[in-house]
Amino acid sequence: MGSQDAPNRRLAQWRDVLDRASSLDNWGQMLEACNEYDKVVDEIKHAVAVEKSPYPDDLTKFLTNVAIAATLRSKAAQDLTGKVSGISLADMQLLITTMKSLPAKVPPFPLPGVEEFKHLMPAAAISMPKVSSTSAGDDDDDDDDVAKGDSIGGNLKPRMHFPGQTNITIRIEKIQLKDPASYFEPFFTISVKDTQGKDITPPQDTPTTNRKDDFIHFAQPVEIQTSLEDLPPDCAIFLEFKHFKPRKNKVSVKCFSLLELDELVPSSQPIPLEMYTKPTDFKRKKLNLLTTKKHYLWVSIVLTKN
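Everything in this summary refers to the structure shown in the same document. (Residues numbered from 1 in each chain as written. Predicted model: local features only at pLDDT ≥ 70, side-chain atom pairs only at ≥ 80, totals over all residues. Heavy atoms only, no water.)

**Comments concerning the packing of aromatic side chains**
Tallied over the entire structure, the rule returns 10 aromatic pairs. Ring geometry for Phe62 against Phe109: centres 5.1 Å apart, planes inclined by 70 degrees, an arrangement best described as edge-to-face. Of this pair, Phe62 sits in helix 3 (residues 57-78) while Phe109 sits in the loop between helix 4 (89-98) and strand 1 (146-147), and the two are 47 residues apart along the sequence. On the basis of an interplanar angle of 40 degrees and a centroid distance of 6.0 Å, the ring pair of Phe184 and Phe244 is categorised as tilted. Of this pair, Phe184 sits in strand 3 (residues 184-193) while Phe244 is found in strand 6 (residues 236-245), placing the two residues 60 residues apart along the sequence. Take Phe244: its relative accessible area is 2%, and that puts it in the buried class. Here the aromatic residues Tyr183, Phe188, Phe218 and Phe241 are joined through ring pairs into a cluster of three or more. One cation-aromatic arrangement involves Lys174 over Phe215; the distance from NZ or CZ to the ring centre is 4.1 Å. Lys193 extends its terminal NZ or CZ atom over the ring of Phe282, reaching a point 4.3 Å from the ring centre. (Phe/Tyr/Trp six-rings, centres within 6.5 Å; stacked < 30°, edge-to-face > 60°. Helix = DSSP H or I, 4+ residues; strand = E, 2+ residues; numbered from the N terminus. Buried < 20%, exposed > 50% of the residue type's maximum accessible area, 1.4 Å probe, protein only. Lys NZ or Arg CZ within 6 Å of the ring centre and 35° of its normal.)

**A few points about the packing of helix 1 (residues 5-26) against helix 4**
Running from N to C, helix 1 and helix 4 cross one another at 155 degrees; their axes reach a closest spacing of 10 Å. Classed by the angle they form, the pair helix 1 and helix 4 counts as roughly antiparallel. Classified by chirality, the crossing of helix 4 by helix 1 is left-handed. Of the residues in helix 4, those in contact with Arg15, Leu18, Asp19, Ser22, Asp25 and Asn26 of helix 1 are Leu89, Met92, Gln93 and Ile96. (Axes fitted to C-alpha atoms, helices over the stretch in contact; angles between N-to-C directions. Parallel < 35°, antiparallel > 145°, perpendicular 65-115°, else oblique. Left-handed = near helix turned anticlockwise from the far one by under 90°. Contact = heavy atoms within 4.5 Å.)

**Points about the packing of helix 1 against helix 2 (residues 30-48)**
Following both chains from N to C, one finds helix 1 and helix 2 inclined at 160 degrees, their axes separated by 7 Å at the closest point. Between helix 1 and helix 2, the angle is such that the two are roughly antiparallel. Crossing angle aside, the handedness with which helix 1 passes helix 2 is left-handed. Contact residues: Arg10, Trp14, Val17, Leu18, Arg20, Ala21, Ser22, Leu24 and Asp25 in helix 1; Met30, Glu32, Ala33, Glu36, Tyr37, Lys39, Val40, Glu43, Ile44 and Ala47 in helix 2. Here the residues of the contact of helix 1 with helix 2 are counted per class, giving 11 nonpolar, one polar and seven charged. (Nonpolar A, V, L, I, M, F, W, Y, C, P; charged D, E, K, R; others polar.)

**Details of the pattern of salt bridges**
Scanning the entire structure with this criterion turns up nine salt bridges. With a closest N to O distance of 2.6 Å, Lys193 and Asp199 form a salt bridge. Salt-bridge contacts for Lys305 lead to Glu229; the nearest nitrogen and oxygen are separated by 3.5 Å. Of this pair, Lys305 sits in strand 10 (residues 297-305) while Glu229 sits in the loop between strand 5 (216-223) and strand 6, and the two are 76 residues apart along the sequence. What makes Glu229 partly exposed here is its relative accessible area of 38%. Connected via shared salt-bridge partners are Arg20, Glu36 and Lys39. (Salt bridge = Lys/Arg side-chain N within 4 Å of Asp/Glu carboxyl O.)

Okay, here's the thing in structure tokens:
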């Protein structure tokens, strides 16, 4: 077999998975559709974010845009409010048709504006920028650093349906830290833990963001995958702020906040949460404030009775 056989087969497989995802999307099976979209995003991301991509530059760029489009479609499909716009189902179907010419011909990307969301893909993992050794985003110790993961586009889950019970939505609005511009590919990991630090629901990662001024802005709703009534009374929801360190090729936890069950009160306005120093203390034995300054994580809490 030729050296390009495997990469070319992969192109056909990605097209087939996207085709299956769009069919599920069309039938209203959003959870299954988003799982398929996310699968393609993860595989493309790993294929192109390496030192030597198996594809030529023009095809690598096209595939990067495919992954961005699938990320945006998955995000729009999971939103039940209708407020998330971007890539429609018709857009995805057009993209799938366009992909049929690959790899023999790399056509112009059919969906304008997708490149504006290039921060959703780890292009910087290919050509890493220099980061000042004095920047706030790179002065953490590495005791709690973890290997670079799949958090660029996130892995948020859609809203579950709990008949007769209450959904919990945590909307992460913004976080205030010293020198917010220094944090590269920031995101949150949201998990629900018991007092022993064990997961009650699988952790979820938000997409990364590049919206920064005096704050790092997310405006990202997160659907907790267990109803309010089924949560143990002593559990807590943890929100860990993480960022990528290009020089070390690692993701680091900068700080974390938490919400205990009695704090899950609907809020018409965002509420401030205190931020604690790493490592994340899931057992809540010793919590130390990150700073004495009035810097907070701002979130909104929505409780929806089914």
